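Coordinates in review
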Amino acid sequence: MARAFKIFLIFGCLACIFTVASFREKNDTCIPQTLKQFREDSKIFAASISTLDSALQRINSAQPQTITDAKKALVSSRLSYKRIEYFLEYFFYTSSRIYNRAPKNEIEEPYLEYQELAGLQYIETMLFDSIPETHKAVFREQTKLLGLSANDLSSLLYKFGGTDKHILEAVRIEFVRIIALGITGFDAPLLKSGIEESLTALETLKVVLNPYLQKNKGNAADVDFFLNQSISYLKENPDFETFNRLEFLTTCIFPLQNHFEKWVKTSGLGDNKSVVLNYNAKNIFSKNALNDRAFSGAKGKNSREEIILGKKLFSEPLLSGNGQKSCMSCHNSDNYFMDGLAKAVGFDQKTFVKRNTPTLLYSKYQHSQFWDGRAKTLEDQIENVIQDPLEMNGKISDILTKLNAEKYYQKSFQKAFSKKSTDKITDKEIYRAIASYVETLNPYNSPFDQYMAGKKNALTENQIAGFNLFMGKAQCATCHFAPLFNGLIPPLYKLTEFEVLGTTKTDNLEKPENDPDDGRFTFRPIKFYKGAFKTPTVRNSAKTAPYMHNGAFQSLETLMEFYNQGGGAGMGLSVPSQTLSTVKLNLTDQEKKDIIAFLNALTDDLTNL
């Protein structure tokens, strides 16, 4: 090959627990049929790569049909991959990364291992270049790499150690993958083959599930009905840009999931190794869809006393160096837990902090805190802010002296942490108490949430159209993932994503300038992190202007146009590591208005917080 490809082991994968056998294939389970199907589909996938290679080598811009043929061949390979995706990405995650990961330079954390560009999505980006034949050498090395790997897929099954429960959990996760990635076009934003790919994935799951449903009747008929209904809906509505995602979710795949979960429980085949996903939730947009204990360092359910104490400390000026500033000063509960400023006023009241103050609503549901992700937990973030000279400038020894001298706090900390009256308050208890309060700021009561809970008059027609655009043509949901609409990456939700958008210094898009903030690169000096920032939630975004890490955008209208033009690089700025697609979205004025209408529908009622 022209260059070596290095695919490194990735932390947190499910694959490693299955590659060593706990038992051989058993005849009293449905596993032999599943493995037989995987072997057959793997051969089809490998053959499709050979066909793709030939099509790519025939490309000639002077003959447009050759490019069309190559795109069709790529779609065919992608569809073939979708037949093995549910199985491969569950049992052999590390091996799967070569085929279908995002076409951008990635640093896999926490081990900071670099993965070179590879796979079907990478081929897609080059195939859509203005002169794609210039990439023929790279196309060849890519197809050679993919072909060699695909031809060896069956070897992964040597002494396979999975169980029927594992197979069915892989199906569960594929449902989530279809909802949050498949129908949004995450895997193929240029080919726009997401609906067809979701159809293939569901048709494969039907084949996989059939012997299980035959063996364990229960409410199998209901599962089969909604599986067929979901498949039929995808077949009858194949156009990516006009696909009614909200209707598909609420009338097809959510009922399918619900009946599937009932069947799994009655069959005694339930298992949950995903850590984050809660299979007992009604759907992915339910308040309990994600396991609370998987986030923000929480060790369990916070006590009422702990939360009450944290709320008091949140507005306590004793935590600051001058006794005048509190967490509430910037994260104002009357202003959706932010301050409405481009950048918060600093401790000395004369300067400003480096970045915009984001809302704390739903901040629990991420695996990194701050715009640059330098804190892993809310406790770490709170400690950093309290002691930061630019923010609260609190001296922890002075703070502890003051709090220990207050009878109210002595008793409150004793109740919250089951302390003896002689025990002193500690700094860790302060951070945990405040974090306990912040972890409750997840209202999930917006009009959108009400709609998803069954109140069908909660959304207007424009808001419904906006949701479908957000999840489809506008590609918003390929970074702001469902259900939090933030950078929490589905389907396992075990990582928080960072993106390089080429955010401009101001919101003057006619004369764009590069913003000088290096973002995550500042504390992790890896070139691909230059200008990288965490993807925040867009829940309550209608109430939390200004936007972006620098607070440069004053309105959702201007922000929408920034994305419509392909970010900084799309407007002609030099942003070498931009991860946002530079392809213009070509949204109409009405489409932009509809998306903003949907964002308004994500506004929560904070009355009871």
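As a reminder, the structure under discussion sits directly above these lines.
All of the points below concern the structure found in this document. Residue numbering note: each chain is counted from 1, following its sequence as written. Residue-level local features of this predicted model are given only where pLDDT is at least 70; pairs of side-chain atoms are given and counted only at 80 or more, and the full residue set underlies all totals for whole chains, interfaces and linings. Excluded from the side-chain calculations are hydrogens and water; all other atoms, namely the structure's heavy atoms, are used.

Regarding the overall build of the protein chain
- Every helix listed is a DSSP run of H or I at least four residues long, and every strand listed is a run of E at least two residues long, numbered separately from the N terminus. Looking only at helices and strands, the protein chain has 21 helices and 4 strands in total.
- Expressed as a percentage of its 609 residues, the buried residues of the protein chain come to 57%.
- Within the protein chain, contacts between residues separated by at least 24 positions form 71% of all contacts whose residues are at least 6 apart in sequence.
- Counting every atom, the protein chain has about 25,500 Å² of accessible surface; 52% of that belongs to carbon and sulfur.
- Lys and Arg are tallied as positive, Asp and Glu as negative. Neither His nor the chain termini are counted. Lysine's charge is taken at NZ, arginine's at CZ, aspartate's at CG and glutamate's at CD. Between the mean site of the 74 positive side-chain charges and the mean site of the 69 negative ones, the protein chain shows a separation of 4 Å. Three exposure classes are used, based on accessible area relative to the maximum for each residue type with a 1.4 Å probe and protein chains only: buried under 20%, partly exposed in between, and exposed over 50%. Between two residues, a contact is recorded if the distance between any of their heavy atoms is within 4.5 Å. The method behind every accessible area is Shrake-Rupley, applied with a 1.4 Å probe, and residues are considered shielded solely by the protein chains displayed.

Some words on the side chain of E499
- If you trace the backbone, E499 turns up in strand β3 (residues 498–500).
- Overall, E499 belongs to the buried group, its relative accessible area being 3%.
- Only 2.3 Å separates the side chain of E499 from the side chain of T579, close enough to count as a polar contact.
- When neighbours within four sequence positions are excluded, E499 is seen to be in contact with K104, C479, G531, A532, F533, T535, T579 and L580. Think of a polar contact as two N or O atoms within 3.5 Å of one another; within protein, one of them needs to be a possible hydrogen donor and the other a possible acceptor, and neighboring residues in sequence only count if both atoms come from side chains.

Here we look at the environment of Q414
- Within the element layout of this structure, Q414 appears in helix α15 (residues 407–417).
- By relative accessible area, Q414 is classed as partly exposed at 22%.
- Leave out the neighbours within four places in its chain, and Q414 touches K419, K420 and S421.

Observations regarding the packing of helix α19 (residues 556–564) against helix α21 (residues 589–600)
- The axes used here are C-alpha line fits, helices contributing only the stretch in contact, and every angle between their N-to-C directions lies in the interval 0 to 180 degrees. Where α19 meets α21, the closest approach of the two axes is 10 Å, and the angle between their N-to-C directions is 120 degrees. Relative to α21, α19 is oriented oblique. In the packing of α19 onto α21, the handedness of the crossing is right-handed. Facing α19, whose interface residues are L556, E557, M560, E561 and N564, α21 presents K592, I595, I596 and L599.
- Side-chain classes are defined by residue name, with Ala, Val, Leu, Ile, Met, Phe, Trp, Tyr, Cys and Pro counting as nonpolar, Asp, Glu, Lys and Arg as charged, and the others, Gly among them, as polar. Considered class by class, the residues forming the contact of α19 with α21 number 5 nonpolar, 1 polar and 3 charged. By the definition adopted for this analysis, an angle is roughly parallel if under 35 degrees, roughly antiparallel if over 145, roughly perpendicular if from 65 to 115, and oblique otherwise. Crossing chirality is assigned from the near helix's rotation relative to the far helix, an anticlockwise turn below a right angle marking it left-handed and a clockwise turn marking it right-handed.

Observations concerning the packing of helix α2 (residues 64–82) against helix α4 (residues 93–100)
- Across the interface, α2 lies against α4 with an axial gap of 12 Å and an inter-helix angle of 165 degrees. Accordingly, the angle class assigned to the pair α2 and α4 is roughly antiparallel. The chirality of how α2 crosses α4 is left-handed. In contact with R78, Y81 and K82 of α2, α4 contributes S96, Y99 and N100.

Overview of α19
- Every buried residue of α19 is listed here: L556, L559, M560, F562 and N564.
- Of the surrounding secondary structure, the elements contacted by the buried residues of α19 are α20 (567–570) and α21.
- One or two positions beyond α19, positive phi appears at G566, with a value near 90 degrees.

A short note on unusual backbone geometry
- Cis rather than trans, the peptide bond between A482 and P483 has omega equal to 10 degrees.
- In this structure, P546 follows A545 across a cis peptide bond, with omega equal to 0 degrees.
- Residue N393 is not a glycine yet carries a positive backbone phi of 50 degrees.
- Structurally, N393 can be placed in the loop between α13 (378–387) and α14 (396–404).
- Given a relative accessible area of 17%, N393 falls into the buried group.
- Its identity as a non-glycine residue notwithstanding, Y493 has a phi of 55 degrees, on the positive side.
- Position of Y493 among the secondary structure elements: in the loop between α18 (461–470) and β3.

Considerations on the packing of aromatic side chains
- Each Phe, Tyr or Trp ring (for Trp, its six-membered ring) is paired with any other whose centre lies within 6.5 Å, and the angle between the two planes then decides the class: stacked below 30 degrees, edge-to-face above 60, tilted in between. Across all of its chains, the model carries 39 aromatic pairs by this definition.
- Where F92 meets F160, the ring centres are 6.4 Å apart and the plane angle is 50 degrees; that geometry is what we call tilted. Taken as a pair, F92 in the loop between α3 (85–91) and α4 and F160 in the loop between α6 (136–150) and α7 (164–182) lie far apart in primary sequence, 68 residues in all. The residues F92 and F160 share a single accessibility class, namely buried.
- Geometrically, the ring pair formed by Y362 and Y444 is edge-to-face, given 5.1 Å between the ring centres and 85 degrees between the ring planes.

Observations concerning empty space enclosed by the protein
- We place a 1 Å grid over just the protein atoms. Points where a 1.4 Å probe fits but has no way out form a cavity, open points with protein on both sides within 12 Å along at least 5 of 7 lines form a pocket, and any residue with an atom within 4 Å of a point lines it. Grid points are joined across faces, edges and corners, and a volume is the space filled by probe spheres set on the points. Tallied over the entire structure, the rule returns 2 cavities of 30 Å³ or more.
- What the largest cavity holds in volume is close to 180 Å³.
- V176, Q257, N278, Y279 and A281 are, among the 15 residues lining the largest cavity, the residues nearest its centre.
- Elements with a contribution of two residues or more to the lining of the largest cavity: α7 and α10 (245–267).
- At 4 residues, α10 tops the list of elements feeding residues into the lining of the largest cavity.
- Here the lining of the largest cavity is composed, by residue class, of 8 nonpolar, 4 polar and 3 charged.
- The calculated volume of the second largest cavity comes to roughly 40 Å³.
- Contributing to the lining of the second largest cavity are K82, E85, E174, R177, I178, G182, G194, E197, S198 and A201.
- Elements with a minimum of two residues in the lining of the second largest cavity: α7 and α8 (194–215).
- The residue makeup of the lining of the second largest cavity, split by class, is 2 nonpolar, 3 polar and 5 charged.

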